[in-house]
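Here's the letter readout for the chains.
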Amino acid sequence: MITDDVIDRLKALLGPKGYRDDAAEIAPHLVEQRDLYHGKTMLVARPRDTSEVAAVVRLCHAAGIAIVPQGGNTGLSGGGVPNEDGRNIVLALDRLNRIRRIEPENYSLVAEAGCVLAQIQDLARSHDRLFPLSLGAEGSCQIGGNISTNAGGVQVLRYGNMRELVLGLEVVLPDGQIWDGLKSLRKDNTGYDLKQLFIGAEGTLGIVTAASLRLFPLPLEAATALVAVTDPAAAMNLFNRARGATNDQLSAFELMPRIGLDFAIRHIDGCVDPLPDSYPNYVLIELTSSSEHSRLDSILEAFLSSQLEDGLVLDAVIAKNRSEAKALWKLREGLVLAQRQEGGSIKHDVSVPVAAIADFIAEASAAVIARLPGIRPVPFGHVGDGNVHFNLSQPEGADRGEFLSRWGEFNRIVHDIVARYNGSISAEHGVGRLRREELGHYKAPIELDLMRKIKAALDPDGLMNPGKIIPEISESKSLET
Ligand code: FAD
Ligand code: ZN
């Protein structure tokens, strides 16, 4: 039970800098990026190190108080905000922000959970190493949040998502014990891979306090191009040809439909049309190499010229320098931000096998337009990984609230198609609260049962981020059916 006495004991344990209890200071911790959920809490705990995290968890465990871990609060599934009942505390990791060690010769570093992603990228770079996770929120999301959501981003194609980038973890378990699994090994076959349980667990199994991360040689050359194509099928055809023709140096392959480019140009300062004419679809391609003599520009130019002659590419621009490359990336990032200015947007973060991407986009677009003429599909993203952000902007002039009230209806249409392609209803943003019922609808009963058994084994009292990921029994199919 959350009583004044327990709150006082937590405050005494944390010291004056270690908590927030003022309503105005707490407010930012109670809302999230999509503005879909507004939670309540009596206290935001801000422990300064792992042993303080453990002490807070032990005290909450003894008192039966639930804990909602929070990193940079940039998550897109509502996983980091507390529930509305107020029977919990938020545990913010921002003060655990030390890099414990960097081991360039082992291509690894150990960072605490509250380190901001950009801070880790910069530190690795200063040692001639690359930490490849890269995403729009990198200036404020934290590595503990990245791990807990198994974040993806724009370089998964080459380097994998968070699951591939973690070598070891330190975790405070739901009863307050500390598991030190901070090994920096590439190979370790001593039974179950425990760290993988906590990666992508969205704070439901424990609190990640530090991680050993995998580094790579720093790319010294990059070549970036924006390429116009007719449709997603042409984009995927280009993708297949590009992998072979570029010595597997492809590190990003991002689809952008014209409507997304229009949104960015219309609403985001500094976004300009990169080509003289307008085309139905674009792909942002980037090649990188850790050698200075790879002549990536020539490779990319030769490849794109041959595809132009073939008719697969309609037009293309290759960035001549870093600032031109940045301008092309700004269109990709601007497209995400600009959707907010176009009224309501119903989101899907799905994946299907790479070979099915074009068919999926065609089928899902036709289905949503048939249900609501005027709806504006904006399918974009990391299609080289089979991941599409299949977002639906409201018809022009429609009522925002009325459109958003149809969120579940459109989810069902799109996710049914995803299921037919044997895809996933959450490719990289996680489940949180937003997709909990959908998970119950689409996950096989045996998988839900295994998830519940794991949750019950590690967190029998259900005190770690309750109400997230795992659907209520009533929200899911039963094992018998
Ligand atoms: P939070 O939002 O604070 O938390 C996310 C979840 O993890 C919550 O369930 C929380 O309880 C849990 N959690 C946080 N820290 C811990 C911890 N230390 N221990 C245990 N549980 C914890 N995501 C992608 O994958 N790819 C993208 O390309 C991408 N682009 C984005 C672009 C923008 C502009 C924005 C706003 C978001 C984007 N995201 C993307 C989503 C988001 O940035 C990621 O999910 C990120 O990994 C979340 O990190 P965070 O620190 O903000 O976590
Ligand atoms: Zn993404």
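None of these values were measured; they are calculated from a predicted model. (Residues numbered from 1 in each chain as written. Chains lettered and ligands numbered in written order. Predicted model: local features only at pLDDT ≥ 70, side-chain atom pairs only at ≥ 80, totals over all residues. Heavy atoms only, no water.)

Chemist: Got a minute to help me understand the overall build of the protein chain in this structure?
Modeler: In terms of regular secondary structure, the protein chain is built from 17 helices and 19 strands. Taking 481 residues into account, the globule formula puts the C-alpha radius of gyration at 23 Å, and the protein chain, at 23 Å, falls close to it. Considering only C-alpha atoms, the protein chain reaches an extent of 75 × 55 × 45 Å along its principal axes. Evaluated residue by residue, the protein chain yields a buried proportion of 54% over its 481 residues. For the protein chain, the exposed area adds up to about 20500 Å²; of that, 51% sits on carbon and sulfur atoms. One way to put it: in the protein chain the 50 positive side-chain charges average out to a point 3 Å from where the 63 negative ones average out. (Helix = DSSP H or I, 4+ residues; strand = E, 2+ residues; numbered from the N terminus. Rg over C-alpha atoms; globule rule 2.2 N^0.38 Å. Buried < 20%, exposed > 50% of the residue type's maximum accessible area, 1.4 Å probe, protein only. Areas by Shrake-Rupley, 256 points an atom, 1.4 Å probe, with all protein chains shown as cover. Lys, Arg positive; Asp, Glu negative; His and termini not counted. Charge placed at Lys NZ, Arg CZ, Asp CG, Glu CD.)

Chemist: How do you make sense of unusual backbone geometry when you look at a structure like this?
Modeler: Peptide bonds are, in most cases, trans, and in most cases residues other than glycine have a negative phi. Even without glycine at this site, Asp 128 takes up a positive phi of about 60°. Positionally, Asp 128 belongs in the loop between helix H4 (117-126) and strand S7 (129-130). Look at Asn 465: it is not a glycine, yet its phi comes out positive at around 45°. Within the secondary structure, Asn 465 is located in the segment after helix H17 (445-458). Accessibility expressed as a relative area gives 1% for Asn 465, which makes it buried.

Chemist: What exactly am I supposed to notice about the nonpolar core here?
Modeler: One broad rule of soluble globular proteins: the nonpolar side chains tend to lie buried together. Counting residues in hydrophobic clusters, the biggest one holds 49 residues, and the most contacted among them are Leu 238, Phe 253, Ile 285 and Phe 360. At the level of secondary structure, the elements contributing two or more residues to this core comprise strand S12 (221-229), helix H9 (232-245), strand S13 (250-257), strand S14 (281-289), helix H11 (296-310), helix H13 (357-371), strand S19 (387-393) and helix H15 (407-420). Other than its neighbours up to four places away in sequence, Phe 360 contacts Val 350, Val 352, Val 388, Phe 390, Val 414, Ile 417, Val 418 and Tyr 421. If you look at the next biggest cluster of nonpolar residues, it comprises 30 residues, including Ala 111, Val 166, Ala 201 and Phe 216. (Core = buried A, V, L, I, M, F, W, Y, C linked by side-chain atoms within 4.5 Å. Contact = heavy atoms within 4.5 Å.)

Chemist: Please explain the state of the cysteines as it appears in this structure.
Modeler: Among covalent bonds in proteins, the disulfide is the one between the sulfur atoms of two cysteines. The final tally for this structure, using the stated rule, is 0 disulfides. No disulfide involves Cys 141; its sulfur sits 12 Å from that of Cys 115, the nearest cysteine. (Disulfide = S-S within 2.5 Å.)

Chemist: What should I look at first to understand the sheet that holds strand S10 (residues 207-214) in this one?
Modeler: Strand pairing in a sheet takes place through backbone hydrogen bonds and is either antiparallel or parallel in direction. Spatial ordering of the open sheet is given by S5-S6-S10-S8-S9, a layout of 5 strands whose pairing is antiparallel. Bordering the open sheet on either side are strand S5 (99-103) and strand S9 (178-181), each of which pairs with just one other strand. On average, each strand axis in the sheet is tilted by 15° relative to the strand beside it, whichever way the strands run. Bridge analysis of strand S6 (residues 108-112) against S10 gives 5 bridges, and the strand direction is antiparallel. Bridge pairing links Glu 112 to Ala 210 in S10. Packed onto the sheet, helix H3 (residues 50-63) meets S5, strand S8 (166-172), S9 and S10 and runs at close to 45° relative to S8. (Pairing = 2+ DSSP bridges. Axes fitted to C-alpha atoms, helices over the stretch in contact; angles between N-to-C directions.)

Chemist: Which parts of the structure should I look at to understand the coordination of the zinc ion (ligand 2)?
Modeler: On the protein side, the zinc ion (ligand 2) has His 382 (NE2), His 389 (NE2) and Glu 428 (OE) as donor atoms, found 1.9 to 2.2 Å from it. Between consecutive donor residues of the zinc ion (ligand 2), the sequence gaps follow H-x6-H-x38-E. In this pair, His 389 sits in strand S19 while Glu 428 sits in the loop between H15 and helix H16 (436-442), placing the two residues 39 residues apart along the sequence. Across the pair, exposure class does not vary: His 389 and Glu 428 are buried alike. (Donors = N, O, S within 2.8 Å, 3.2 Å for Na, K, Ca; no water.)

Chemist: Just to check I follow, could you spell out the packing of helix H1 (residues 4-14) against H3 for this structure?
Modeler: Each packed pair of helices is defined by two parameters, the angle between the axes and the distance between the axes. For the pair H1 and H3, interaxial distance at closest approach is 10 Å and the crossing angle is 170°. Between H1 and H3, the crossing angle belongs to the class labelled roughly antiparallel. Across the interface between the two elements, Val 6, Arg 9, Leu 10, Leu 13 and Leu 14 of H1 pack against Glu 52, Ala 55, Val 56, Leu 59, Cys 60 and Ala 63 of H3. (Parallel < 35°, antiparallel > 145°, perpendicular 65-115°, else oblique.)

Chemist: Help me understand the side chain of Thr 224 in this model?
Modeler: Structurally, Thr 224 is set in strand S12. For Thr 224, a relative accessible area of 2% gives the class buried. Within the structure, Thr 224 has its side chain in polar contact with the side chain of Glu 286 (distance 2.7 Å). Filtering out sequence-adjacent residues up to four positions away, Thr 224 remains in contact with Leu 284, Ile 285, Glu 286, Leu 300, Val 317, Ile 318, Ala 319, Arg 322, Ala 325, Leu 328 and Trp 329. (Polar contact = N/O pair within 3.5 Å; in protein donor to acceptor, adjacent residues only side chain to side chain.)

Chemist: What am I meant to see in the pairing of S13 here?
Modeler: Both faces of the sheet carry side chains from a regular strand, because those side chains alternate between them. Of all 8 residues making up S13, 8 are buried, and the element is well covered by its neighbours. Pairing analysis gives 7 bridges linking S13 to S14, with the strands arranged antiparallel. Paired with Met 256 across the strands is Tyr 282, a residue of S14.

Chemist: Just to check I follow, could you spell out the site of ligand 1 for this structure?
Modeler: Within the structure, ligand 1 sits among 35 residues, and Pro 69, Gly 71, Gly 72, Thr 74 and Gly 75 are positioned closest to it. Within the backbone of Gly 71, a nitrogen or oxygen atom sits 2.7 Å from an oxygen atom of ligand 1. Taking Asn 465, its side chain carries an N or O atom lying 3.2 Å from an oxygen atom of ligand 1. For ligand 1, the accessible surface in isolation is 990 Å², of which the surrounding protein chains cover 94%. Listed by contribution, the elements that provide at least two residues to the shell around ligand 1 are strand S3 (66-70), helix H5 (143-148) and S10. It is H5 that provides the largest number of residues to the shell around ligand 1, a total of 4 residues. Looking at the shell around ligand 1 residue by residue, the classes come out as 10 nonpolar, 23 polar and 2 charged. (Near = heavy atom within 4 Å. Nonpolar A, V, L, I, M, F, W, Y, C, P; charged D, E, K, R; others polar.)

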